[in-house]
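# Examining the three-dimensional arrangement
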Amino acid sequence: MNPERHAKILIIGSGPAGYTAAIYSARANLKPLLIEGLQPGGQMTITTDVENYPGFADVIQGPWLMEQMRAQAQHVGTEIVSDIITHVDLKHRPFRCVGDSGTIYWTESLIICTGAQARWLGLESEQRLRGGGVSACATCDGFFFRGKEIIVVGGGDSAIEEGIFLTRFATSVTVIHRRDKLRAGQTLQDRAFANEKMRFIWNSMVERIEGGDSVEGVHLRNVETGEASVLETQGVFIFIGHDPNNQIFSGQLETTSDGYLVVDKHMMTSVPGVFAAGEIMDPIYRQVATSVGQGAGAGMMAGRWLEEHESLPQSITITTA
Ligand code: NAP
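What counts and how
- Residues numbered from 1 in each chain as written.
- Predicted model: local features only at pLDDT ≥ 70, side-chain atom pairs only at ≥ 80, totals over all residues.
- Heavy atoms only, no water.
- Near = heavy atom within 4 Å.
- Polar contact = N/O pair within 3.5 Å; in protein donor to acceptor, adjacent residues only side chain to side chain.
- Areas by Shrake-Rupley, 256 points an atom, 1.4 Å probe, with all protein chains shown as cover.
- Helix = DSSP H or I, 4+ residues; strand = E, 2+ residues; numbered from the N terminus.
- Nonpolar A, V, L, I, M, F, W, Y, C, P; charged D, E, K, R; others polar.
- Salt bridge = Lys/Arg side-chain N within 4 Å of Asp/Glu carboxyl O.
- Buried < 20%, exposed > 50% of the residue type's maximum accessible area, 1.4 Å probe, protein only.
- 1 Å grid on protein atoms, 1.4 Å probe; cavity = no way out; pocket = protein on both sides within 12 Å on 5 of 7 lines; lining within 4 Å.
- Points joined across faces, edges and corners; volume = space filled by probe spheres on them.
- Contact = heavy atoms within 4.5 Å.
- Disulfide = S-S within 2.5 Å.
- Expected span 1.5 Å × (residues − 1).
- Arc of directions from axis to C-beta.
- Phe/Tyr/Trp six-rings, centres within 6.5 Å; stacked < 30°, edge-to-face > 60°.
- Pairing = 2+ DSSP bridges.
- Axes fitted to C-alpha atoms, helices over the stretch in contact; angles between N-to-C directions.

### Comments concerning the site of the ligand
- Near the ligand, the surroundings consist of 21 residues, among which Asp 157, Ser 158, Glu 161, Arg 179 and Arg 183 are the closest.
- A distance of 3.5 Å is found between an oxygen atom of the ligand and a backbone nitrogen or oxygen belonging to Tyr 285.
- Contact with the protein chains covers 80% of the free accessible surface of the ligand, which is 910 Å².
- Ranked by residue count, the leading element in the shell around the ligand is helix H5 (residues 157-166), at 3 residues.
- Taken together, the residues of the shell around the ligand break down into 6 nonpolar, 9 polar and 6 charged.

### With respect to the pattern of salt bridges
- What the rule picks out here adds up to 8 salt bridges.
- Note that Glu 79 and Arg 5 form a salt bridge whose closest N and O atoms lie 2.8 Å from each other. Note that Glu 79 is positioned in strand E5 (residues 79-81) and Arg 5 in strand E1 (residues 4-12), a separation of 74 residues in sequence.
- Taking relative accessible area as the criterion, Arg 5 reaches 29% and is therefore assigned partly exposed.
- With its nearest N and O atoms 2.9 Å apart, the salt bridge here joins Arg 208 to Glu 210.
- Among the residues examined, Glu 210 registers a relative accessible area of 32% and is labelled partly exposed.

### Considering the layout of surface pockets
- The volume enclosed by the second largest pocket comes to roughly 190 Å³.
- Thr 20, Ile 23, Tyr 24, Tyr 53, Phe 56, Leu 65, Gln 68, Met 69, Gln 72, Val 292 and Ala 296 together form the lining of the second largest pocket.
- With 4 residues, the top contributor of residues to the lining of the second largest pocket is helix H2 (residues 62-75).
- Taken together, the residues that form the lining of the second largest pocket break down as 8 nonpolar, 3 polar and no charged.

### So, the side chain of Asn 246
- Summarising the element assignment, Asn 246 is placed in the loop between strand E18 (242-244) and strand E19 (274-276).
- A polar contact is formed between the side chain of Asn 246 and the backbone oxygen of Gly 259, at a distance of 2.8 Å.
- Excluding residues that lie within four positions of it along the chain, Asn 246 makes contacts with Gly 259 and Ile 280.

### Concerning the state of the cysteines
- All told, the structure shown has 1 disulfide when counted by the stated rule.
- Covalent S-S linkage joins Cys 137 and Cys 140, the inter-sulfur distance amounting to 2.0 Å. Between Cys 137 and Cys 140, the S-S dihedral sits near 75°, and the bridge is therefore right-handed.
- Residue class for Cys 140 comes out partly exposed when judged on its relative accessible area of 40%.

### Side note on H2
- A rise of 1.5 Å per residue sets the reference length of H2, with its 14 residues, at 20 Å; its end C-alpha atoms lie 20 Å apart and thus fit the reference within 8%.
- Considered for burial, the residues of H2 that qualify are Gly 62, Leu 65, Met 66, Met 69 and Ala 73. An end-on view of H2 places all buried positions within 95° of arc, on one side of the element. Those residues of H2 that are exposed and aimed more than 90 degrees away from the buried face are Glu 67 and His 75.
- Here the buried face of H2 lies against helix H1 (16-27), strand E3 (49-50), strand E4 (60-61) and helix H7 (288-309).
- Following H2 by one or two positions, Gly 77 has its phi on the positive side, about 115°.

### Observations concerning the packing of aromatic side chains
- Summed over the entire model, instances satisfying the criterion amount to 9 aromatic pairs.
- Note on Tyr 53 and Phe 56: the rings are 6.2 Å apart at their centroids and 25° apart in plane angle, and the pair reads as stacked.
- By relative accessible area, which is 17% here, Tyr 53 ends up buried.
- For Phe 56, a relative accessible area of 32% corresponds to the partly exposed category.
- When the centroid spacing of 6.5 Å and the interplanar angle of 75° are considered together, the rings of Phe 143 and Phe 169 count as edge-to-face. Note that Phe 143 is positioned in the loop between helix H4 (138-141) and strand E11 (149-153) and Phe 169 in the loop between H5 and strand E12 (172-176), a separation of 26 residues in sequence.
- In textbook terms, an aromatic cluster arises when at least three aromatic residues are bridged by ring pairs, as seen for Phe 143, Phe 144, Phe 165 and Phe 169.

### A short note on the sheet that holds strand E16 (residues 228-232)
- Strand order in the open sheet formed by 3 strands is E14-E15-E16, with antiparallel pairing between adjacent strands. Two strands lie at the open edges of the sheet, namely strand E14 (204-210) and E16, each paired on one side alone. Each neighbouring strand pair of the sheet contributes to a mean axis angle of 30°, computed without reference to strand direction.
- Here 6 bridges tie E14 to strand E15 (residues 217-222), and the two strands are oriented antiparallel to one another. The residue of E15 that forms the bridge with Ser 204 is Asn 222.

Geometric values such as these leave the question of function open.
What follows is the structure, given as structure tokens:
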């Protein structure tokens, strides 16, 4: 028989939102279980310098910050479980979540902090050459591009920040952006324009990535003129945004047209007792600082909700509005 666990609060996800929700609910003596998922620590474990998280005058490292949050969550009483939730049933309370390990988790309330994951261009050549010079993680793969010429696709904070990071290894980093203006913040833009290894190709899209076992070049199309060109390169880094990790909740919770979970001002989703925080519900801010704030709110509100609903029978059916 599959092992079963029971919790008052189950938190899915171990990014800044998940750890903070855990810290708040553990300090309310609710003994949360946090299921850490496929990428313990979340997206911050594959970023480098963090300069905008308040409280640190000097630059800190993303993986270090996540280690600290994890340790803090454990110190105050969170049990962190190494498992991946593959199914959830939110029709009845307690809610039922099934782990990849086979464990069944029953919980009175749920906080979803599953975050988001990197978006890809959707090209056949891109998938074929992943691991052969196509990447969405500069921290993981930058080292392999020492002395090489590479491109970065995208014009947001990620593309520019990671592009600058990649200049530590590559001889040149060419940013391919579909418009003639970067979306990235001004400070990052200034640093990128001042970096002599950074180049820019504007109004252009990557149509195909060339190469057998490894990347040899990209076919570009100028979206203004329609002109096609080929650029030799040995690496393609793609930073074109993120999609929310919502697959296991499909059809059970209200989402926006982009797939982000809809929450009310108490961080509660369309199912009472189910809360969400971080990039799974936030298509706008997506900062460690904002995810931490949302996680704190969800942790507090889940606790209050439990207090108010403690008298509910265990098997009550929750109707989705
Ligand atoms: P983003 O801000 O959504 O930017 C995505 C970029 O990719 C945009 O420039 C977009 O072009 C481009 N793009 C989207 N789809 C594309 C496609 N199919 N083909 C080509 N280009 C495409 O995503 P992000 O850079 O990952 O940032 C996500 C969030 O995290 C943002 O809120 C950002 O501020 C934050 N962030 C902050 C920091 C920091 O503060 N240090 C670092 C990283 C990320 P358009 O500009 O034309 O839309």
